[in-house]
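# Structural description and commentary
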Amino acid sequence: MPLAYTLPSNLSPATVANTSSLLRIVALALISGAAIASRLFAVVNFESIIHEFDPWFNYRATRVLAEKGFYAFWNWFDHTAWYPLGRVVGGTIYPGLMATSGVIYNVLHALNLPVDIRNICVLLAPGFSALTAWSTYMFTKEMKDESAGLLAAAFIGIAPGYISRSVAGSYDNEAIAIFLLMFTFYCWIKALKTGSVLFGTLTALFYFYMVAAWGGYAFITNMIPLHALTLILMGRFSSRLYTAYSSWYAIGTLASMQVPFVGFQPVRTSEHMAALGVFGLLQIVAFAELVRAHVSSRHFQSILFGSVIGIGVLGVFAFAGLTYKGWIAPWTGRFYSLWDTGYAKKYIPIIASVSEHQPTAWPSFFMDLQFLIFLFPAGVILCFRELRDEHVFVIIYAVVASYFAGVMVRLMLTLTPVVCVAAAVAFSSLLDTYIDPVEPDVLAPSTQATEAEVPAGDSPANAPSGSATTSKKAKKAAAADASSSGLASGVLAAMSPSGKSAKPRGIFGLDTRIVVIANALGMLLFFVLHCTYVTSSAYSSPSVVLASQNPDGSQHIIDDFREAYYWLRQNTPQDAVVMSWWDYGYQIAGMADRPTLVDNNTWNNTHIATVGKAMSSPEEVAYPILRKHDVDYVLIIFGGLIGYSGDDINKFLWMVRIAQGVWPEEIQEPNYFTAKGEYRVDDQAAPAMKNSLMYKMSYYRFAELYGGNSAVDRVRGQQVPKTGPTLDYLDEAFTSENWIVRIYQVKKEDLLGRDLKTANSFDQGKKRKKSKPLARRKAVV
Amino acid sequence: MLLLPLLALLSLPFCLAASISAEDAHQKLVKLAAANNGLIKLDDSSYNLLTHPKRTWSSSIHFTALDPRRRCAPCKEFDPSFTAVAKSWSQVPASERDTHFFATADFDNAMGTFQKLGMQTAPVLHVHLPAEGSRRPASGRTAPIVYDFSNGFDAGPLAEQLSQYTPVPIPYKAPIDWSKYGTAAGVTLIFLSTVRLFLPILRSRWAWAIGIVLTSLVMTSGFMFVRIRGMPNSGANGQWIAPGYQNQFGQEVQVVSFVYGLLASGFLMLTLVTPYQTNPYRQRLQVYLWSGVIFVMFSVLISLFRVKNRSYPFKLLL
Amino acid sequence: MPRHWRAPFSFLLSVVILPLCTSAANSFENTAIVRTVELGGALVHVTTTYAVKALEDGSSVYTIALAEQEHAHTSWLEAKLKGESERLPLEDFGFHQDSGVFLYTIELPKALNTNQTANLVIETVQTHATYPWPEEAGQKDGQSLKYEAELLVLSPYKTAVQRTKVRSPSPQIHSYTTPEDVEFTTDAVATKSGATITYGPFHDIPPSATSDFADKKQKHITVHYSYDYPVLEVTKLERAAEVSHWGANLNIEDKYWLHNAGPRLKGHFSRLEYQTQNYFGRPAPHTIPALQLHLPAGIHDAYYYDLVGNVSTSHLRTTPSIPKGAAPNQYSVLELRPRYPIVGGWNYSFTLGWDSPLEDYAGYDKATGKYVVSVPIMTVIPGSVVDEAEVKIVLPEGATDIEYFVPYPALDETISTHISYLDTVGRPKITLKYAQLTDKHGGNIYVTYKVPFSAHMKKPVAVTTAFAGIFTLALAWKRVDFRIRRK
């Protein structure tokens, strides 16, 4: 038997097994280390701080949980949010994340490790990414073998697509959700393979955890039924499938209904109906199988078959009827917008306005997955090659997830795991083929059969697991003739599923091996470089703190947000109501600890539209609105001075749009464009734009900063009019160092009952204008 | 001196409108509307009737230029849906119907109005709220509301938007598209009848494999982006790579998915096919060939990516 | 209230002193009293020199008196003989009802015989003695304060001649009262020269520590002067010092609650104004753009954060630690910029901490087998008053027979246990509370304690046992077979 290179032959199987298992453990440990370390860029470059917007709310909620205990958290009514409505927090969130870190917090403190809750929250995501790597390993192990599993773990550990949502400090539901997703799927596969109720129940439990943790649980709720249905259609119904699915569905659904935010949705909404339907179908099919096992007459069987179909059809009609009657809610907007992609922009602009709900262009796919993205189809093909039940799962997952990822950037997150799995399968089978030292004989003699007798495939822990598969192939090969050798026949042989491959298999020579392996390793290395670069440059900045370069190249921190929030916290009354666009609601609540009108959980469109209207209408119209909502301070973000492009003037059109949705005859988007249809802030700006509160607050006294020189807005790249806007109903209260955050105080009504405009002009010693009565009428509006 | 008579002509309707009381105007309008199933064809005078200073009715006026000489494609696109909505409005009981009017002012019939309003573009849709009576808006607004075409020219959203100004929502129902259903039914029938022929294809896993792999290839190379954003297949001046990181043309989908596919098949060849090659030399040839292909295509892909993302520091061959 | 001296049996003594007070007149006589008031922001330093002549032999206990309002402001009081450094023992007799003054007695080092003289120097520091006037100031305006005090120095003895000098930091004195019809003097009551106002001299003042004198003869003076430095007030200061022998490290962490007690900002804060002011180098006197703190030498890993996280705008220039015994003349200078300039009336709170090598602060006494650690009570922010302060000292786990010595007594002292990382039984914690601390109150608390070797070993043992337990569990899990049915 020719070998490309020699292996040490004097190793006992036990040694090999132990060594490999030790190596596996070490490898997993290293992978976890890498996964965690690569997510700490944010902490190293900046500090241990909560990132972005939603995490600030989760952090705040977690603090409540840690300080006041679970029940207080459960019944928490937040008076400071959505002033004056307030918000029932306990019933409107997925508590899984907070509960997790709460448990960790209490455990550590019970062990006399008084870790600050903030650090727990910051480091939760990296910690769970290690677990994700592990669960991916388990999952992939079920698909192929340990070596593929390790590769998959390594991939998901550092793939930017997942890092983007799990860097230290991005304390969001996705942080733990992906681990739960993968582990639930693993349990499902395991349950399906073994048909054990234990694993079915585990699946259900982790499904419950997932439901408690992330709205994306609907993905699982539909993936598993889809898989089951496909298996049935492929005629692969088995008692294992029946056990696994039934135990999962029964327990999982009941458990998921315990989450207040979910409640009765599992039986009332369309997202969950697929699971229910498949559950029913399974019962019918199982019953049919049972009967068929006992009854022999073909005639009866045909009747049975018909009746099964009939019941199925009935079920579908019943579902349709219920939906029509309104017993079952139709698809909610967020889910519906995944199918009808135009839907969101038309009917739920708030969802459409979020940047992470935009469709994905190919560069971001490549950015997030690099060479995995083209290994992924190869992996899918390999799954097709030996089409076991679990491979069907991966295939479905692959096609569904790639569609979703295409529709929404944020769903790249659900695509990443399957890409990693499939790519790992492809990559490891490549390595298997080319690391395996066994060379085939030029002619296929019967010696291969003897070599093939070696039962290498028995212990999966066996060292170079490549030899296992190849020797199997070799066995098949020995069975048949090895006559034709050509590309076409090769393809045929490859395509023929690995049960009946009819040719000897193997690689000749060492150089070929070296070439391929070198190429592969090169790619891996490149991947690592890529991930490091992307993570450090793109995904590791906590948008709360901005970094810029000093002339001498050193890092300069721009900290205006916290400056302004902290000013609010220290120098305004505890109950001062702050109005801002909803993006900043959570941050104000978290850092400034002041009541806000609207925040990032956008449950009340009208309220948001009210803010939008106040921002986009002239002062005297906005003032009554502000007063009615007893707003004390208005906070806006203005990037014009240092060129921070994510500021409110750039978001302004969304405010207008959303306000227009509710007050179409008062606010109209076209009025904010110039006659030529341009969006300008300079002299030619549309009058509606110039009079809008937002514009005035943004550019109030901005031109004066430049003395006589022409003031340039660095974001829009336009010249701001020399004589800036004047404010009659608001006072500038605070402006941060780089003018990014500007806070205005809403004046109280004039003591003499004049409207504030005339009061001001009087104070500035002007003569009473003719416009006075007119102004008064306006103020009454 | 042609100006004078023109002026006279223009001024005529004004005095006319001024003289006429709101009631008479309303009567006239009702007649006009009834005459042309719910849609008033405007000229300058009737426009002034419709926008009577003391009006108790609301109206939506559609300014368009349907005459072929005006070459206004969107006008032609929008006109049918507006007409459809107007038609559906004529179904509501007279009591409500006569409090809101639909009118079309074609440029060639109502030039004066166009000039008066200083209109440059068409189509434009104005909604005039009542200036008197119970339905007078709280803001006392008399200026027309300009309909926002951001939802496209379809009748559905149009009816939805206008219903905010009409006393009762416009009972517009999209006409049932029989042809669509017909074709669908036909296709299903044909399919069912010939299912026996398809069966082997449906049964063969590789048919499915190819289908699914192609789908995921297309999806992962930004097909949905192009479709949702309605990106052109290739940019102006024939450039086929859209500048910018979050942006792409239709052609890129094809190119990128092709590159992906080639790379994937390269890997598959190395993994599945080459090992079956029993002739050492051919096999070696294949191995080198495919490795080369992978390497080259990968570097091509990288260079493509560098075009999109300027700041990307790494590169292979090119 | 001054409380820098023990008053153990003041009750008993006050019984004795009552006659003394009345008959004090015949034991001493003040040949001259000169009071110098150094006006400032939050702190006002007052130095009073008594030229004393004894009227009887062996008179060694001199009594001074503080009027009620004066006493309320005074937070530090020390007495010395002129030209000497060590303080004289001072005793508090509290409020004296029928004369309406607070009395303190000073024990002279040696009793004086008749007509022998001595020069006593009483230094006091007054807090909150000034207030901004006008109470509101715009961003551009300057800052001026008002200081109010009694004209005459009270004393239970006859006084030959007395003067009061009020010195303002800047020559701009807007106004000062010249009290009418003061007896004891013929010529001008008040004379202003430059930045100094001199009241007096006043001659032949009878024993003035009596209520009717205060009512009839005493006069009230007010000085309105402009002050070019921010009036800084630390409303609360919490210092936690943690001693760790494993890390050979003393960690000190201060929590500050700052308040700018200058005139409240009129209208609103305009960043434009502020930036132009800085651009032209004319910052308003009542805004605090930055603070400069003198931290001890040899510190490392200083951190500065507040409720919303790390504050990146600060610079620290450390100096190597000084060998024991050498005079502490070097400091690490911390240039500390708040998130926003603290304008009049604004608050700012932050946390500041650092590590320093333990050997700079601790010593080991072979003889008694005790460690001695010295913990500075506070880091003085120049010219600021600390309204209330709390000093916590956390000793290593298992420290026994703890004793501590304070430079001046605390309002409240407790010893509790504090549980921190990897503790099993917790660490002893000393908590001391103070109020009205001034720049005079810098000083060290000395703590001595024993730490047995076993206590040192507690942590490693605990950790090792924990890990060993985990491993054994894992081992058992691997080995034991939980399946019900054998395969």
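Keep in mind that this is a model prediction, so the values were computed, not measured.

## With respect to the overall build of chain C
The secondary structure content of chain C amounts to five helices and 31 strands. A principal-axis box enclosing the C-alpha atoms of chain C has dimensions of 115 × 65 × 45 Å. A total of 487 residues make up chain C; the buried ones form 50% of that total. Contacts in chain C between residues far apart in sequence, at least 24 positions, make up 77% of those at least 6 positions apart. Each charge class in chain C was averaged separately, 45 positive and 51 negative side chains, and the resulting centres sit 11 Å apart.

## Things to note about the sheet that holds strand β20 (residues 300-306) of chain C
Ordered by their spatial adjacency, eight strands build an open sheet running β21-β20-β24-β17-β16-β27-β30-β29 (chain C), and the pairing between neighbours is mixed. Across the chains shown, the open sheet's two edge strands, defined by having one partner strand only, are β21 (309-310) and β29 (412-418) of chain C. Here β29(C) runs beside strand β30 (residues 427-437) of chain C; their pairing, made up of seven bridges, is antiparallel. Of the residues in β30(C), the one forming a bridge with C:Thr414 is C:Thr431. The sheet contacts of helix α27 (residues 560-571) of chain A involve β20, β21 and β24 (347-357) of chain C, and relative to β24(C) the element is tilted by about 115 degrees.

## Focus on the environment of C:Trp257
All names here are of chain C. For Trp257, the location among the structural elements is in strand β17 (residues 249-260). Residue Trp257 is classed as partly exposed on the basis of its relative accessible area, which comes to 32%. Considering only alpha carbons, one finds Trp257 and Ser349, 92 residues apart in sequence, at a separation of 4.3 Å.

## As for the pattern of salt bridges
All names here are of chain A. Per the stated rule, a full pass over the model turns up 56 salt bridges over all chains. Note that Asp583 and Lys651 form a salt bridge whose closest N and O atoms lie 2.8 Å from each other. Of the two residues, Asp583 sits in the loop between β5 (578-579) and α28 (585-592) while Lys651 sits in helix α31 (residues 648-662), which places them 68 residues apart along the sequence. As far as burial versus exposure is concerned, Asp583 and Lys651 are alike and both buried.

## Details of the UniProt feature "transmembrane region" (unreviewed entry) in chain C
Feature annotation in UniProt assigns "transmembrane region" (unreviewed entry) to the following positions: residues 460-477 of chain C. The distance from the first to the last C-alpha atom of residues 460-477 of chain C is 26 Å, and the span holds 100% helix and 0% strand.

## Concerning the interface of chain B and chain A
Listed per partner, the contact involves 70 residues of chain B and 75 residues of chain A. Interface area, chain B with chain A, both sides summed: about 6,800 Å², of which 71% is carbon and sulfur. At the boundary of chain B with chain A, the tally comes to one salt bridge. Across the salt bridge formed by B:Arg284 and A:Asp511, the nearest N and O atoms sit 2.9 Å from each other. Along the contact surface separating chain B from chain A lie 15 residue pairs in polar contact (both at pLDDT 80 or more). Broken down by secondary-structure element, the contributors of at least two residues to the side of chain B that touches chain A are β5 (145-146), α10 (205-220), α11 (223-229), α12 (250-273) and α13 (280-308) of chain B. When residues of the side of chain B that touches chain A are assigned to their parent elements, the largest contribution, 16 residues, is made by α13(B). Across the side of chain B that touches chain A, the residue classes break down as 40 nonpolar, 20 polar and 10 charged.

## Concerning the environment of C:Asn260
All names here are of chain C. By secondary structure assignment, the location of Asn260 is in strand β17. According to the relative accessible area criterion, Asn260 is buried, its value standing at 0%. Taking the C-alpha atoms as reference, Asn260 lies 6.0 Å from Val231; in sequence the two are 29 residues apart. For Asn260, the residues in contact, after removing those within four places along its chain, are Val231, His286, Thr287, Ile288, Ile342, Val343, Gly344, Gly345 and Trp346. At a separation of 3.1 Å, a polar atom in the side chain of Asn260 contacts the main-chain carbonyl oxygen of Ile342.

## Points about a nonpolar patch on the surface
Residues and elements named next belong to chain B. On the surface, a cluster of nonpolar side chains totalling about 600 Å² of accessible area is made up of Phe191, Leu192, Phe198, Ile201, Leu202 and Trp208. It is helix α9 (residues 195-203) that provides the largest number of residues to the nonpolar patch, a total of three residues. One can find Leu202 in helix α9.

## Observations concerning helix α20 (residues 372-385) of chain A
Here α20(A) spans 19 Å end to end across 14 residues, near enough to the 20 Å set by a 1.5 Å rise per residue. Most of α20(A) sits inside the fold, with 14 of its 14 residues counted as buried.

## So, the interface of chain A and chain C
Chain A puts 27 residues into the contact, and the matching count from chain C is 26 residues. Roughly 2,500 Å² of surface becomes buried between chain A and chain C when both sides are summed, with 52% attributable to carbon and sulfur atoms. Considering only the surface of chain A that becomes buried against chain C, A:Asn112, A:Tyr566 and A:Gln570 emerge as the three largest contributors, covering 24% of it. Our count for the contact surface shared by chain A and chain C stands at three salt bridges. Taken together, the connections running from chain A to chain C amount to 17 residue pairs in polar contact (both at pLDDT 80 or more). The leading source of residues in the side of chain A that touches chain C is α27(A), at seven residues. Grouping the amino acids of the side of chain A that touches chain C by side-chain chemistry returns 11 nonpolar, six polar and 10 charged.

What counts as what
Residues numbered from 1 in each chain as written. Chains lettered and ligands numbered in written order. Predicted model: local features only at pLDDT ≥ 70, side-chain atom pairs only at ≥ 80, totals over all residues. Heavy atoms only, no water. Helix = DSSP H or I, 4+ residues; strand = E, 2+ residues; numbered from the N terminus. Buried < 20%, exposed > 50% of the residue type's maximum accessible area, 1.4 Å probe, protein only. Contact = heavy atoms within 4.5 Å. Lys, Arg positive; Asp, Glu negative; His and termini not counted. Charge placed at Lys NZ, Arg CZ, Asp CG, Glu CD. Pairing = 2+ DSSP bridges. Axes fitted to C-alpha atoms, helices over the stretch in contact; angles between N-to-C directions. Salt bridge = Lys/Arg side-chain N within 4 Å of Asp/Glu carboxyl O. UniProt positions renumbered as here; feature names shortened; annotations may be inferred. Buried area = accessible area lost by both parts, 1.4 Å probe. Polar contact = N/O pair within 3.5 Å; in protein donor to acceptor, adjacent residues only side chain to side chain. Nonpolar A, V, L, I, M, F, W, Y, C, P; charged D, E, K, R; others polar. Patch = residues over 30% accessible without salt bridge, like charges linked within 9 Å, V, L, I, M, F, W, Y side chains within 5 Å. Areas by Shrake-Rupley, 256 points an atom, 1.4 Å probe, with all protein chains shown as cover. Expected span 1.5 Å × (residues − 1).

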